[in-house]
Amino acid sequence: MTVSTEGTATVLPPGGPAAPARPIPAVRRRPGSRGTLLLLEAVVAFAAALVLPLLARGFKLDPLDRIAQVSGLAAIQLRFALVGLLFIAAVVLALRLRKGRHFDLAARIAAAAIAGLASGFVAAGAVVALHGTPWPMFGLNGDSGRIVEWANAVANGRPSGSPVYPPAPLHTLGYYAEWFRGGNTAYAFKDLQILGAAAFGPLVYLCWRMLLSPVRALAFGVAPAFALIDAYKPYSQTVLVLLVPVLVALVVSLSRSAVQGWRPLLVKGAGFGALLGLMFLTYSGWFLWSAAGVFFAALLYFPWRSGRLGRLKGAAFLGTTLAAFLVVAGRYLMVMLTEGQTTKDYNFRFDNFTDPAYYLMWRTDMPGKVGDWPPPGEYGGVGLFALVTFVCLGAAIWLGIRKPMVVTIAAMFISAWVMRMYIASHMYETQTVQLYTRTNNQLLYCGLLLCALVAHLVSQRMAARTAEAELGAGPAGGSAAGPAGTAFPAREGAVIGTLCALLLLLGTVSSSMADRYMPAKENTYRILPWVSHTITEQDGSCPKYAPGGTCSKDGDQSWLSFIR
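What counts as what
Residues numbered from 1 in each chain as written. Predicted model: local features only at pLDDT ≥ 70, side-chain atom pairs only at ≥ 80, totals over all residues. Heavy atoms only, no water. Helix = DSSP H or I, 4+ residues; strand = E, 2+ residues; numbered from the N terminus. Rg over C-alpha atoms; globule rule 2.2 N^0.38 Å. Contact = heavy atoms within 4.5 Å. Areas by Shrake-Rupley, 256 points an atom, 1.4 Å probe, with all protein chains shown as cover. Lys, Arg positive; Asp, Glu negative; His and termini not counted. Charge placed at Lys NZ, Arg CZ, Asp CG, Glu CD. Patch = residues over 30% accessible without salt bridge, like charges linked within 9 Å, V, L, I, M, F, W, Y side chains within 5 Å. Salt bridge = Lys/Arg side-chain N within 4 Å of Asp/Glu carboxyl O. Disulfide = S-S within 2.5 Å. Buried < 20%, exposed > 50% of the residue type's maximum accessible area, 1.4 Å probe, protein only. pLDDT = per-residue confidence, 0-100. Core = buried A, V, L, I, M, F, W, Y, C linked by side-chain atoms within 4.5 Å. Axes fitted to C-alpha atoms, helices over the stretch in contact; angles between N-to-C directions. Parallel < 35°, antiparallel > 145°, perpendicular 65-115°, else oblique. Left-handed = near helix turned anticlockwise from the far one by under 90°. Nonpolar A, V, L, I, M, F, W, Y, C, P; charged D, E, K, R; others polar. Polar contact = N/O pair within 3.5 Å; in protein donor to acceptor, adjacent residues only side chain to side chain. Phe/Tyr/Trp six-rings, centres within 6.5 Å; stacked < 30°, edge-to-face > 60°. Expected span 1.5 Å × (residues − 1).

## Concerning the overall build of the protein chain
Along the protein chain, the regular secondary structure elements total 17 helices and two strands. Rg of the C-alpha trace for the protein chain: 25 Å, near the compact-globule value of 24 Å for 564 residues, within the 12% margin. C-alpha atoms of the protein chain, sized along the principal axes, occupy 85 × 55 × 55 Å. For the protein chain, contacts bridging at least 24 residues in sequence account for 75% of all contacts bridging at least 6. Counting every atom, the protein chain has about 25800 Å² of accessible surface; 64% of that belongs to carbon and sulfur. Measuring between centres, the 46 positive side-chain charges of the protein chain sit 14 Å from its 27 negative side-chain charges.

As structure tokens, this is what we get:
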């Protein structure tokens, strides 16, 4: 289902418009089929994601000691940097050896590896945080306890406690527990928290590879997603960061449906439908926030002007997608349309009392130490980050008004914004929340993507200018584009520089997100792994690093006083 938005740039030669145009490939082709290379990237990404968690299992430290936590994070960072630098060194060597014949292959592998290493960093942080306890984060309390209970019921053929809760995580946990943990869904959930965090980077990378080249997928798709990576319930955020590129790819395919053959068109539609159905079964909330924007983009890029056959192909593509979606998730969709309408959320938390127009940070129901909130900004109370996001929204539409990728992401941003304000505006009347604060994550992700897309579009124009300058250079070194030295440096240098910058950026972000779940008895999500170390194990003993060597059936319940 690859529908890359990148192609070839056609540049006029020195002979002017009358001379035949020369195509400049966006990425140099190398031996090997595209499918084989994508499979290689997937293997490298998932393998890299497991390296750091496996290494972290050998750390000998007390996860409740802050100095030990800092040492653990530094140890993970060191290994992350060393392994990542090895891949970048391979790219440099590939540039120098055999006239750079294997440069693109090495860059492709390095990009996939860095994506896997980055999420593996967060998973390794979870390994450190839960070192010495078999329990998942938060043990059998809160959402963790409900998920464990419902998954156990599903695994034993009983209905879960909530018909509207996404069934895929419950069945996955139940089956995993049966296969690997003797039916113990609680201990199995710890494994899946770690594995789910590790799989985040490879999955995001592979979805963006449907649209972008390897390094661009890492820079403009994966990097923004790491603002949302989560080791507690990794599946919900993972669905969001996968849903955006998949829906964009769907709209791109729709815009090209009129010129595609019938068989690949229908196969692609069925593939999109099945993939969207699987994501809907995993977490459905993002579909609600995105629906209006995607519907608008689909209407805009439907092949209306491609004649009767083109319109028929467009309708067949959408129909096949819908049919496959209903086959996979139709039953759960009916449950959501019936019982979901009567499900009400009456839990008002910290973010429900803040300005609804502020979405840049979601403080959850354990906000920690909070002063003025939202933090006062420089421009009418609005901070620089928000200003940059809105400017980039306009700039992205300006530069990419004809590109389905830009328009679809902008439409999803606006759709989530409108849904957020609609639900919040009825909050006082209905006395319900309906999880509208979850739109924070979609707004933040789409906003970061729009900022990245501005860089993406500008860099494409820079590359086109460089190609023009190279073509315009005469035998004596003159240039029709201007004096020598005005062209931008070669693409290879940009690739290596970008990989180095992304390695440091993702390493820093991953360290921060891993530190977010280091155990501590405080009013933040650090309390979640702390509680895990205070719960009596099934054999009656306490976890190895239980505070003061004491534990109880439910663990430390001081978190109840932190809920806001």
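Don't stop here, the text continues.
## What to know about a nonpolar patch on the surface
A cluster of nonpolar residues, Trp 262, Leu 266, Leu 309 and Leu 312, forms a patch on the protein surface that exposes about 370 Å² of accessible area. If you list the elements that add at least two residues to the nonpolar patch, you get helix H9 (262-282) and helix H11 (307-338). In this fold, Leu 309 is placed in helix H11.

## Observations concerning the state of the cysteines
The tally for this structure, following the rule as stated, stands at one disulfide. Two residues, Cys 542 and Cys 551, share a disulfide whose sulfurs are 2.0 Å apart. The S-S bond linking Cys 542 to Cys 551 shows a torsion near -80°; that makes this disulfide left-handed. The exposure class of Cys 542 is partly exposed, given its relative accessible area of 28%.

## Thoughts on the confidence of the model for the protein chain
Low pLDDT means the predicted coordinates in that region are not meant to be read closely. Per-residue confidence for the protein chain averages 89 on the pLDDT scale, and 91% of its residues sit at or above 70. Note that pLDDT drops below 50 for residues 7-31; the model gives that stretch 39 contacts with residues more than four away or on any other chain. A low-confidence stretch, residues 476-486 (pLDDT under 50), is modelled with nine contacts involving residues beyond four sequence positions or located in other chains.

## So, the nonpolar core
Counting residues in each nonpolar core, the largest one holds 164 residues, and the members touching the most others are Trp 208, Val 244, Ile 409, Tyr 445 and Leu 499. The greatest single-element share of this core, amounting to 19 residues, is contributed by helix H3 (residues 103-129).

## Some words on the pattern of salt bridges
Taken as a whole and judged by the stated rule, the model has nine salt bridges. The partner of Asp 143 in a salt bridge is Lys 233, with the nearest N and O atoms 2.7 Å apart. Residue Asp 143 is found in helix H4 (residues 142-155), and its partner Lys 233 is found in the loop between helix H7 (214-225) and helix H8 (234-255); the two are separated by 90 residues along the sequence. Asp 143 gets classed as partly exposed once you look at its relative accessible area, which sits at 27%. Under the relative-accessibility criterion, Lys 233 is labelled buried at 14%. Here Asp 556 ties to Lys 521 by a salt bridge, and the two come within 3.5 Å at their closest N and O atoms. Taken together, the residues span a long stretch of sequence, with Asp 556 in the segment after helix H17 (527-532) and Lys 521 in the loop between helix H16 (491-515) and H17 at a distance of 35 residues. What emerges from the salt-bridge pattern is a single network uniting Glu 41, Arg 108 and Arg 209.

## Section: the packing of H3 against helix H6 (residues 185-208)
The interhelical angle for the contact between H3 and H6, taken along N-to-C directions, is 160°, at an axis separation of 7 Å. With respect to their mutual orientation, H3 and H6 come out roughly antiparallel. The element H3 and its partner H6 pack so that their crossing is right-handed. Along its contact with H3, which presents Arg 108, Ala 111, Ala 112, Ala 115, Gly 116, Ser 119, Gly 120, Val 122, Ala 123, Ala 126 and Val 127, the element H6 presents Ile 194, Ala 197, Ala 198, Phe 200, Gly 201, Pro 202 and Tyr 205. Looking at the contact of H3 with H6 residue by residue, the classes come out as 13 nonpolar, four polar and one charged.

## Brief notes about the side chain of Thr 439
Position of Thr 439 relative to the elements: it lies in helix H15 (residues 439-472). On the basis of relative accessibility, which here comes to 0%, the residue Thr 439 falls in the buried class. For Thr 439, the side chain forms a polar contact with the main-chain oxygen of Tyr 436, separated by 2.6 Å. Those residues in contact with Thr 439, other than ones at most four positions away along the chain, are Trp 289, Ala 416 and Arg 420.

## Describing the environment of Arg 79
Within the secondary structure layout, Arg 79 lies in helix H2 (residues 66-96). Residues in contact with Arg 79, not counting those within four places in the same chain, are Leu 52, Leu 55 and Phe 59.

## A few points about the packing of aromatic side chains
For the coordinates displayed, the defined rule picks out 23 aromatic pairs. Taking the centre distance of 4.8 Å and the plane angle of 70° together, the rings of Phe 138 and Trp 559 count as edge-to-face. In this pair, Phe 138 is assigned in the loop between H3 and H4 and Trp 559 in the segment after H17, connecting sequence segments 421 residues apart. Side by side, Phe 138 and Trp 559 carry an identical accessibility label, which is buried.

## Quick look at the environment of Ala 90
Mapped onto the elements, Ala 90 comes out in helix H2. When its relative accessible area of 35% is taken as the criterion, Ala 90 is described as partly exposed. The sequence separation of Ala 90 and Phe 103 amounts to 13 residues, and the corresponding C-alpha distance is 8.8 Å.

## A few points about the packing of helix H1 (residues 34-56) against H6
Contact pair H1 / H6: the axes reach a minimum separation of 9 Å and the direction vectors enclose 155°. When the axes of H1 and H6 are compared, the pair comes out roughly antiparallel. In this structure, H1 crosses over H6, and the sense of that crossing is right-handed. Packed against H1, whose contacting residues are Leu 38, Glu 41, Ala 42, Ala 45, Phe 46, Ala 49 and Leu 50, the element H6 presents Leu 195, Ala 198, Ala 199, Pro 202, Leu 203, Tyr 205 and Leu 206 at the interface. Looking at the contact of H1 with H6 residue by residue, the class counts come to 13 nonpolar, no polar and one charged.

## Concerning H3
With 27 residues, H3 should reach 39 Å at 1.5 Å per residue; the first-to-last C-alpha distance of 39 Å fits that figure. Across the 27 residues that make up H3, a large majority, 25, are buried.

## Focus: the environment of Leu 399
Here Leu 399 is to be found in helix H12 (residues 384-400). Taking C-alpha positions, Leu 399 is 17 Å from Leu 212, a pair spaced 187 residues apart along the chain.

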